[in-house]
Amino acid sequence: MYIIKLLFIIVSIFLLSSCGSSSSDSDISVNTGNLRISCVGDSITAGTGLSNPSQESYPSQLASMLGTGWEVGNFGKKSATVLKSGTTPYWNTSTFVPSHEYNPDIVVIMLGTNDAKPINWANKSQFIEHYSELIQGYKTLPSQPKVYICYPPPVYAEVAGITDARIKNEIIPKITQIASLNGVEIIDIYTTLSNKKALFPDKVHPNKEGARILAEKIYQTIY
């Protein structure tokens, strides 16, 4: 669908150029903008731990893979949670509104790691409701984006109370339910980065190579 849309944009520009049309002498309005992706998430999306997040984070590497005709916005925020009762609800972060105003054609959400902290997961009964509300907020944007939600990557040690067992056995099953309830596709980042402990220097955040693998998985899914 996105390839067809991109081809339409290119053909439209060519036809207007051939006819010598311009905004000043034509009433025809053609959308010549790039396809946009809002990458919504926590510090893993933001690129925490990387020496140069603006180039090495997964959204930046995804943008390089997609190339001309695409724009990728990094709307990751450290410590962000799906849960509104969490310590840092994504809803209250400085990236929440901009991720909507970006007018995306695609939204990729990767949250849940910080929800796995015991202080946050105490309210796990609200996780499905709040995640569903987050998804619907994007799906009903004027741009009507296609929304993908990701299984978070594995963690390779207990950090701040986050355990891999909780990610695998509690967070992921709920995300599976959420995808079914909201008619969205899952991107399985957990399996993609399993058995790759060496790519997680602090046991939670992937390094540049890990971010590249993550970006490749998303690229293969959406393109």
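Residues numbered from 1 in each chain as written. Predicted model: local features only at pLDDT ≥ 70, side-chain atom pairs only at ≥ 80, totals over all residues. Heavy atoms only, no water.

A few words now on the confidence of the model for the protein. Mean pLDDT over the protein stands at 89; residues scoring 70 or higher make up 86%. When the criterion is pLDDT under 50, residues 1–32 qualifies, and its contacts beyond four places in sequence or with other chains add up to 22 contacts. (pLDDT = per-residue confidence, 0-100. Contact = heavy atoms within 4.5 Å.)

Among the secondary structure elements, proline 89 is positioned in the loop between β2 (70–76) and α5 (96–101). By relative accessible area, which is 7% here, proline 89 ends up buried. Residues proline 89 and asparagine 114, spaced 25 residues apart in sequence, show a C-alpha to C-alpha distance of 9.7 Å. Setting aside residues no more than four positions away along its own chain, proline 89 makes contact with Thr81, Leu83 and Lys84. (Helix = DSSP H or I, 4+ residues; strand = E, 2+ residues; numbered from the N terminus. Buried < 20%, exposed > 50% of the residue type's maximum accessible area, 1.4 Å probe, protein only.)

For the pair helix α4 (residues 58–66) and helix α10 (residues 208–222), the least separation of the axes is 8 Å and the interaxial angle reads 50°. With respect to α10, the axis of α4 lies oblique. The interaxial crossing formed by α4 with α10 has right-handed handedness. Facing α4, whose interface residues are Tyr58, Gln61, Leu62, Met65 and Leu66, α10 presents Lys208, Ala211, Arg212, Leu214, Ala215, Glu216, Ile218, Tyr219 and Ile222. Looking at the contact of α4 with α10 residue by residue, the classes come out as ten nonpolar, one polar and three charged. (Axes fitted to C-alpha atoms, helices over the stretch in contact; angles between N-to-C directions. Parallel < 35°, antiparallel > 145°, perpendicular 65-115°, else oblique. Left-handed = near helix turned anticlockwise from the far one by under 90°. Nonpolar A, V, L, I, M, F, W, Y, C, P; charged D, E, K, R; others polar.)

With that out of the way, let us pick up helix α8 (residues 164–182). Between its terminal C-alpha atoms α8 stretches 25 Å, which fits the 27 Å expected from 19 residues at 1.5 Å a residue. By the largest-angle criterion, isoleucine 171 marks the main kink of α8, which is about 35°, and a proline, proline 173, follows within four residues. When we look at burial in α8, the residues that qualify are Arg166, Ile167, Ile171, Ile172, Lys174, Ile175, Ile178, Ala179 and Asn182. On its buried face, α8 sits against α6 (118–121), α7 (127–139), β4 (146–151), β5 (185–188) and α9 (189–192). Immediately downstream of α8, the backbone of glycine 183 shows phi near 65°, a positive value. (Expected span 1.5 Å × (residues − 1). Bend = angle between axes of the 7 residues up to and from the residue.)

Moving on to unusual backbone geometry. A positive phi angle, near 45°, is found at glutamine 144, a position not held by glycine. Phi is positive for lysine 203, which is not a glycine, with a value near 80°. According to the relative accessible area criterion, lysine 203 is partly exposed, its value standing at 29%.

One finds Tyr90, Ile109, Phe127, Tyr131, Tyr138 and Ile149 to be the most contacted residues of the largest nonpolar core, which totals 35 residues. Going through the elements one at a time, β3 (106–110), α7, β4 and α8 are the ones with two or more residues in this core. If sequence neighbours within four positions are ignored, tyrosine 131 has contacts with Val82, Ile109, Leu111, Ile149, Cys150, Ile175 and Ile178. Counting residues in each nonpolar core, the second largest holds 26 residues, with Ile37, Met110, Leu193 and Ile218 among its members. (Core = buried A, V, L, I, M, F, W, Y, C linked by side-chain atoms within 4.5 Å.)

The residue proline 98 is located in helix α5 in this model. The sequence separation of proline 98 and asparagine 74 amounts to 24 residues, and the corresponding C-alpha distance is 10.0 Å.

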